[in-house]
Amino acid sequence: MSTNSIQNQFSKYAQEYGNNNIIQQIVSKALVRDIVGKPKKILELGCGSGQVFKYIDWEFDFYKAIDGSKDMCKIHPKATNLEVCCQDFDSDDFYDEIKNDRYDIVLSSSALQWSKDIDKLIQRLISVTKEINVVLFTSNTFKSIQDITKQNSPILNLETIKKSFSEYLVCDFEVFNYNLEFSNKKEMFNYIKNSGVSGKSILSYKEAKQLYKEYDLNYLEFEVIFIKAFSKS
Ligand SMILES: C[S@@+](CC[C@H](N)C(=O)[O-])C[C@H]1O[C@@H](n2cnc3c(N)ncnc32)[C@H](O)[C@@H]1O
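In what follows, the accompanying structure is described. Note that the structure is a prediction, hence the values are computed from the model and not measured.

Check the secondary structure of the protein chain and you find 8 helices and 8 strands. Taking all 233 residues of the protein chain together, 33% fall into the buried category. In the protein chain, 73% of the contacts between residues at least 6 apart in sequence involve partners at least 24 apart.

Pasting the structure below:
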């Protein structure tokens, strides 16, 4: 059986944190905190600069962390039994490399919303693990901005994510909405650029100016879904 829950919104002042990835930091910490047991063989997808890895405080036998960005892999922490590889999690090359491995758990934080084929990725992952704990941003992130610009989010929507995971796994879903407040618009719009969940802006100068004028909220909206998934067999 799968379960769902939606958590109420809460606000945080972005300035209190002084960085551009506060939501990623909050969710990666929560992801690791909720891991049950101390898995020894771990695969992490879209590891970035190591937000997840830095909270792993137990000994493991093998930790494979992959990211599509060479720059991210370079700044990821290094450790014994840790392998960091620059790879695309959607690619055949990546699957060829892991298909004979077995992992106790697959982790991913703030990355799988970029998958080009989440269905295929999940099918591949269940051949190497029985447990997947991930958190993804959804297309409801920056919702009011999309309403103004009439442009669809470049990232996966909640329905697709839930459907794909439920198809192959027994899942617990928890959806959280965060409103991140700003005291001025300029900082707010800079945050979007650096947030890692907006994609490249395809707005013209005029459209961007219009958006800046029309957006009258003093906060940005984020939606994330935490998924704990177990193989059906
Ligand atoms: C928002 S960052 C999150 C990084 C880190 N997991 C964290 O919690 O801070 C998303 C990461 O996913 C990586 N990524 C996006 N698409 C990818 C793909 N197809 N294959 C591998 N990595 C990918 C990006 O390079 C980026 O480092």
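With that out of the way, let us pick up the environment of Ser28. On the secondary structure map, Ser28 appears in helix 1 (residues 22–33). Look at Ser28 and you get buried, because 24 C-beta atoms sit within 10 Å. C-alpha separation for the pair Ser28 and Tyr55, spaced 27 residues apart in sequence, amounts to 8.3 Å. Apart from the residues within four sequence positions on either side, Ser28 is in contact with Gln51, Val52, Tyr55, Ser109 and Ser110.

This paragraph deals with the environment of Ile26. Within the secondary structure layout, Ile26 lies in helix 1. The spacing of Ile26 and Gln51 is 25 residues in sequence and 9.6 Å in space, taken between C-alpha atoms.

So, about the pairing of strand 4 (residues 82–86). In this structure, strand 3 (residues 62–67) lies alongside strand 4, joined through 5 bridges in parallel fashion. When the sheet's bridge partners are listed, Lys64 is paired in strand 4 with Glu83. Regarding topology, helix 2 (residues 70–75) serves as the crossover connection from strand 3 to the parallel strand 4, and that connection is right-handed.

What follows deals with the pairing of strand 3. Among the 6 residues of strand 3, 5 are classified as buried, and the element is accordingly described as predominantly covered. With 5 bridges connecting them, strand 2 (residues 41–45) and strand 3 associate as parallel partners. Among the inter-strand pairings, Lys41 is bridged to a residue of strand 3, identified as Phe62.

Below, the discussion takes up unusual backbone geometry. Peptide bonds are, in most cases, trans, and in most cases residues other than glycine have a negative phi. A positive phi angle, close to 60°, is found at Phe142, a residue other than glycine. By the secondary structure assignment, Phe142 is in the loop between strand 6 (131–137) and helix 5 (143–149). By the C-beta count within 10 Å, which is 22 here, Phe142 ends up buried. A positive phi angle is found at Lys150, which is not glycine, with a value near 60°. Among the structural elements, Lys150 can be located in the loop between helix 5 and helix 6 (158–168).

Definitions and limits used
- Residues numbered from 1 in each chain as written.
- Predicted model: local features only at pLDDT ≥ 70, side-chain atom pairs only at ≥ 80, totals over all residues.
- Helix = DSSP H or I, 4+ residues; strand = E, 2+ residues; numbered from the N terminus.
- Buried ≥ 20, exposed ≤ 12 C-beta atoms within 10 Å, placed from the backbone.
- Contact = placed C-beta atoms within 7 Å.
- Pairing = 2+ DSSP bridges.
- Right-handed = clockwise from strand over helix to strand, strands pointing away.

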